[in-house]
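# An overview of the molecular structure
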Amino acid sequence: MTKNIMIVGVGGQGTLLTSRILGGLAIQAGYDVKLSEVHGMAQRGGSVVTYVRYGTEVAEPIIEEGQADVLIAFERLEALRYAHFLKKDGVIVVNDQRIDPMPVVIGAAAYPENILEELKKEHKVYAVDAISEAKRLGNSRVFNIIVLGIAAQHMNYSKEEWLKVIEATVPKKTIEINKAAFETGYLLHR
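Notes on the structure follow. (Residues numbered from 1 in each chain as written. Predicted model: local features only at pLDDT ≥ 70, side-chain atom pairs only at ≥ 80, totals over all residues. Heavy atoms only, no water.)

Below, the discussion takes up the packing of aromatic side chains. When we look at a pair of aromatic rings, we describe it by the centre distance and by the angle of the planes. Throughout the structure, instances matching the rule amount to seven aromatic pairs. An aromatic cluster is present here, built from Tyr31, Tyr54, Tyr157, Trp162, Phe182 and Tyr186 joined pairwise through their rings. (Phe/Tyr/Trp six-rings, centres within 6.5 Å; stacked < 30°, edge-to-face > 60°.)

Okay, structure coming up:
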């Protein structure tokens, strides 16, 4: 059985690091892993999507609509934009943050209201203000690892396995803060 995880956000939010951690975890567990990264205008705050697929044998890296088990979203609008990729019983883990895309910035479009409420009508949604949680830890940049900690509750790996891969993947000087961030998320929404 293949597990399909989508990680979505905007440039600079850590989607690629998060996909490397998840892919590393699945490889460590002995699975066949396929990763695919789709960059929009990533360096200008554009959409970034990564697919992580793992199982006994995975043929291709792309996740089709309606096939994602977990959608990890680092921004509300990105969660809304990609929610149609979820399976009926899939879950969304979303950082409750608003980042206006360029059409909103220039006044050509409006940022949708009540995104989380709309998502909850059709999906199981776990929302967190991960930026605030990360600031409490002393580093707002680790918010993505807090979100990953919540998502980890919906995957079959132990906390220790996650922490081992985080330690092997993040820059050495950030190991402890990233492990603390993961543990913070891992305890939320239990």
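After that view, the rundown keeps rolling.
Moving on: the pattern of salt bridges. Throughout the structure, instances matching the rule amount to nine salt bridges. Put simply, Glu183 and Lys159 hold a salt bridge, and the shortest N to O gap is 3.2 Å. Placement of the pair is Glu183 in helix H8 (residues 175-187) and Lys159 in helix H7 (residues 159-169), with a sequence separation of 24 residues. In this structure Glu183 comes out as partly exposed when scored by relative accessible area, which is 30%. The class for Lys159 is partly exposed, based on a relative accessible area of 23%. (Salt bridge = Lys/Arg side-chain N within 4 Å of Asp/Glu carboxyl O. Helix = DSSP H or I, 4+ residues; strand = E, 2+ residues; numbered from the N terminus. Buried < 20%, exposed > 50% of the residue type's maximum accessible area, 1.4 Å probe, protein only.)

To continue, consider H7. For H7, the complete set of buried residues consists of Trp162, Leu163, Val165 and Ile166. Here the buried residues of H7 occupy an arc of 165 degrees about the axis, which is enough to place them on one side. Away from its buried face by more than 90 degrees, H7 exposes Glu160, Lys164 and Ala168. Close packing links the buried residues of H7 with helix H1 (15-28), helix H6 (143-151) and H8. (Arc of directions from axis to C-beta. Contact = heavy atoms within 4.5 Å.)

Moving on, we get to the pairing of strand E4 (residues 68-73). Residues in a regular strand point their side chains to alternate faces of the sheet. Among the six residues that make up E4, six are buried, leaving the element largely enclosed by the rest of the structure. Of the strand pairs in this sheet, strand E1 (residues 3-10) and E4 are connected by four bridges, and their pairing is parallel. Looking at E4, one finds that Ile7 is bridged to Ile72. Sheet topology places E4 next to strand E5 (residues 86-95); five bridges connect them, and they run parallel. Within E5, the residue paired with Ile72 across the bridge is Val93. Remark: the E4/helix H2 (residues 76-82)/E5 crossover connection has right-handed handedness. (Pairing = 2+ DSSP bridges. Right-handed = clockwise from strand over helix to strand, strands pointing away.)

Note that every value here comes from positions in space, so none of it alone points to a role or purpose.
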